[in-house]
Amino acid sequence: MATNTLAPEHTRAVDRSTPVGRGTRAARPTPPPPLTRRAPALDGLRTIAIAMVILYHLHVPQFEGGFVGVTVFFALSGFLITTLLLGEHRKTGRIRLGNFWLKRLLRLYPALVALVVIGLLLWNWVGDYKGASFSPGEAAFIALTYTGNLFRSFWDTTQGVFAHTWSLSMEEQFYLVWPPVLVLLFVVRSRRRWLLAGLGSVIVACSVVAGLVYAKPNSGATPDVYFSPVLGVVPLATGCLLALLLDDERVRTWAAGLAGHVATWAGIVLLAGVMLWIGDDWAQHAWTFSVVLPLTGVVSAVLIGGLVSVRSPLSAALAWSPVSWFGRRVSYAAYLWHPLVIALLDPFAVGPWGQVSMIAVAVIVAVGAAYAVEVPVEKAQKRFREARRLAAEDRAERARVTT
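Calculation notes
- Residues numbered from 1 in each chain as written.
- Predicted model: local features only at pLDDT ≥ 70, side-chain atom pairs only at ≥ 80, totals over all residues.
- Heavy atoms only, no water.
- Helix = DSSP H or I, 4+ residues; strand = E, 2+ residues; numbered from the N terminus.
- Rg over C-alpha atoms; globule rule 2.2 N^0.38 Å.
- Buried < 20%, exposed > 50% of the residue type's maximum accessible area, 1.4 Å probe, protein only.
- Contact = heavy atoms within 4.5 Å.
- Areas by Shrake-Rupley, 256 points an atom, 1.4 Å probe, with all protein chains shown as cover.
- Lys, Arg positive; Asp, Glu negative; His and termini not counted.
- Charge placed at Lys NZ, Arg CZ, Asp CG, Glu CD.
- 1 Å grid on protein atoms, 1.4 Å probe; cavity = no way out; pocket = protein on both sides within 12 Å on 5 of 7 lines; lining within 4 Å.
- Points joined across faces, edges and corners; volume = space filled by probe spheres on them.
- Nonpolar A, V, L, I, M, F, W, Y, C, P; charged D, E, K, R; others polar.
- Axes fitted to C-alpha atoms, helices over the stretch in contact; angles between N-to-C directions.
- Left-handed = near helix turned anticlockwise from the far one by under 90°.
- Phe/Tyr/Trp six-rings, centres within 6.5 Å; stacked < 30°, edge-to-face > 60°.
- Lys NZ or Arg CZ within 6 Å of the ring centre and 35° of its normal.
- pLDDT = per-residue confidence, 0-100.
- Patch = residues over 30% accessible without salt bridge, like charges linked within 9 Å, V, L, I, M, F, W, Y side chains within 5 Å.
- Salt bridge = Lys/Arg side-chain N within 4 Å of Asp/Glu carboxyl O.
- Expected span 1.5 Å × (residues − 1).
- Bend = angle between axes of the 7 residues up to and from the residue.

Caption draft 1: Representation of the overall build of the chain within the structure. What the chain contains, in helices and strands, is 15 helices and zero strands. A compact globule built from 403 residues would reach a C-alpha radius of gyration of about 22 Å, and the chain, at 23 Å, matches this within 12%. Viewed in the frame of its principal axes, the chain has a C-alpha envelope of about 75 × 60 × 40 Å. Residues counted as buried form 48% of the 403 residues belonging to the chain. Of all intrachain contacts in the chain linking residues separated by at least 6 positions in sequence, the fraction that spans at least 24 positions is 80%. A total of about 20,500 Å² of accessible surface is found on the chain, and carbon and sulfur atoms cover 66% of it. Charge-centre separation for the chain: the mean point of 36 positive side chains lies 12 Å from the mean point of 23 negative side chains.

Caption draft 2: Geometry of the layout of surface pockets. There is about 2,200 Å³ of room inside the largest pocket. Around the largest pocket sit 50 residues that line it, and I81, L84, K103, R104 and R107 are the ones nearest its centre. Mapped onto the lining of the largest pocket, the elements with two or more residues apiece are α1 (40–57), α2 (68–92), α3 (97–121), α7 (166–187), α14 (321–345) and α15 (351–402). Looking at the lining of the largest pocket element by element, the count peaks at 15 residues for α2. Here the residues of the lining of the largest pocket sort into 21 nonpolar, ten polar and 19 charged. What the second largest pocket holds in volume is close to 1,100 Å³. Contributing to the lining of the second largest pocket are 43 residues, with Y56, R152, A221, T222 and F227 lying nearest its centre. Elements represented by at least two residues in the lining of the second largest pocket include exactly α1, α6 (148–154) and α14. Residues belonging to the lining of the second largest pocket are distributed by class as follows: 24 nonpolar, 13 polar and six charged.

Caption draft 3: Main features of the packing of α3 against α15. Running from amino to carboxyl end, α3 crosses α15 at an angle of 145 degrees, the nearest separation of the two axes being 9 Å. The two elements α3 and α15 cross, and the hand of that crossing is right-handed. Seen from α3, the contacting residues are L106, R107, P110, A111 and A114; seen from α15, they are V373, E374, V377, E378 and Q381. Tallied by class, residues from the contact of α3 with α15 come to six nonpolar, one polar and three charged.

Caption draft 4: Highlighting the packing of aromatic side chains. Applying the stated criterion to the full structure yields 20 aromatic pairs. Both rings, one in W123 and one in F162, keep their centres 5.7 Å apart while their planes meet at 45 degrees; by these two values the pair is tilted. Of this pair, W123 sits in helix α4 (residues 123–126) while F162 sits in the loop between α6 and α7, and the two are 39 residues apart along the sequence. Given the relative accessible area of 12%, W123 is considered buried. Given the relative accessible area of 0%, F162 is considered buried. With a centroid separation of 5.9 Å and an interplanar angle of 50 degrees, the aromatic rings of W282 and F289 are classed as tilted. As far as the burial class goes, W282 and F289 line up, both buried. Within the aromatic cluster, the residues linked to one another by ring pairs are Y56, F67, F74, W166, Y214, Y226, F227, W282 and F289. The positively charged end of R152 is found above the aromatic ring belonging to F227, 3.8 Å away from the centroid.

Caption draft 5: Representation of the confidence of the model for the chain. Looking at the chain as a whole, the pLDDT averages 89, with 93% of positions reaching at least 70. Note that residues 1–5 has pLDDT below 50 and, in this model, 19 contacts with residues that lie over four places away or in other chains. In this model residues 7–26 is a low-confidence stretch, pLDDT under 50, and it forms 16 contacts with partners more than four residues away in sequence or in other chains.

Caption draft 6: Expanded view of a positive patch on the surface. Together, K103, K379, K382, R383 and R385 line one region of the surface with positive charge. With respect to the helices and strands, R383 occurs in helix α15.

Caption draft 7: Geometry of α15. Across its 52 residues, α15 extends 75 Å between first and last C-alpha, which sits within 8% of the 76 Å expected from 1.5 Å per residue. The largest bend along α15 measures about 30 degrees and falls at A370. The elements touched by buried residues of α15 are α3 and α14.

Caption draft 8: Seen up close, the side chain of T71. Mapped onto the secondary structure, T71 falls in helix α2. For T71, a relative accessible area of 6% translates into the label buried. Non-local contacts of T71, meaning those with residues more than four positions away in its chain, are made with P235, L293, T296 and G297.

Caption draft 9: Representation of empty space enclosed by the protein within the structure. Under the definition given, this model contains three cavities of 30 Å³ or more. One number sums up the size of the largest cavity: a volume of about 100 Å³. Every element with two or more residues in the lining of the largest cavity is listed here: α2, α9 (229–246) and α12 (287–309). Here the element with the most residues in the lining of the largest cavity is α9; it accounts for four residues.

Take a look at the structure:
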């Protein structure tokens with residue numbers, strides 16, 4: 001049975017020696033912690049989220065709310081990263097922050113550099129996509145320093161074809177802060193309920209502040225608050241809260257039953273409902289940012305919790321190899337490269353078939369970029385880790401022989 005990672009609450013002991021008779025029921029076995037095994041359904045959810053974002057950027061009818069795919073990504077990211085950190089602490093008794101940040105950098109940065117280089121080469125044709133407030137070099141610098149969300153939210157500026165990197169900035173800034181906070185809480189042996197209450201307070205407070213600082217934009221533009229760290233932290237923290245909940249054995253046991261199935265289907269129905277309900281005027285209402293988007297983060301977390309807790313027809317569909325492969329291997333590249341493809345082809349793509357052609361080209365470019373940049377980097381990392389392992393074994397063997 002897995003142990004609680006944070007200081008557990010007091011629980012009533014169960015006498016394992018008591019036989020199961022007519023008046024007793026066998027206790028349901030405790031499910032293992034999330035991500036003990038890979039969860040292909042979550043990779044499939046990535047595919048759904050990036051599809052929503054691309055269709056939104058192409059202005060496909062009925063996908064005016066497709067931008068909530070970014071909220072899904074944030075909630076999923078908060079859940080996955082926190083679960084992995086909790087798993088590392090459970091296994092080794094510590095969290096190596098330097099190792100965590102290095103892995104993040106090696107996983108994400110090479111692909112971002114490749115996008116920036118190609119974007120600069122094509123800047124004369126695509127740089128001013130949806131407007132640009134900076135020179136090519138300035139826009140590239142902002143993208144590569146993960147500060148795009150700050151420039152967009154506090155200075156009402158945009159980076160042209162690199163504007164979408166604001167969401168990457170939001171994630172990386174969050175992961176400079178959250179892991180050290182988690183380490184500190186382990187050191188002081190904080191109780192789980194206080195951490196959950198703290199995260200819940202952050203989520204509510206940031207949602208309220210997002211509504212208070214909202215300012216109606218001109219000409220239907222996206223409000224600055226949408227890119228603000230105040231709002232961006234809400235779904236990320238919601239995903240973290242879910243990970244902490246599922247780190248508790250009692251919660252996992254409860255979620256492995258009917259509750260998990262209800263969460264799965266309620267989550268997907270509500271997420272689809274929110275996306276379809278949001279109209280073109282979403283940017284004109286403060287409650288979109290103080291209520292709708294925070295609740296979308298909660299709905300995303302509910303769906304994620306269901307997918308990792310029970311097997312259902314939905315989780316099986318999302319885990320289908322082509323769907324999960326795209327989410328695992330291509331979704332990041334698809335997010336990075338699709339604005340560049342749209343900026344290049346949009347003047348020539350007419351009608352529905354034009355949109356279909358842009359989607360097809362975006363997918364082809366993303367697959368190519370993933371296998372040209374991300375896969376070689378991952379293979380190099382594996383070779384480096386294997387070399388370090390062999391060197392460590394060799395040193396240990398020599399020390400054994402000399403003694």
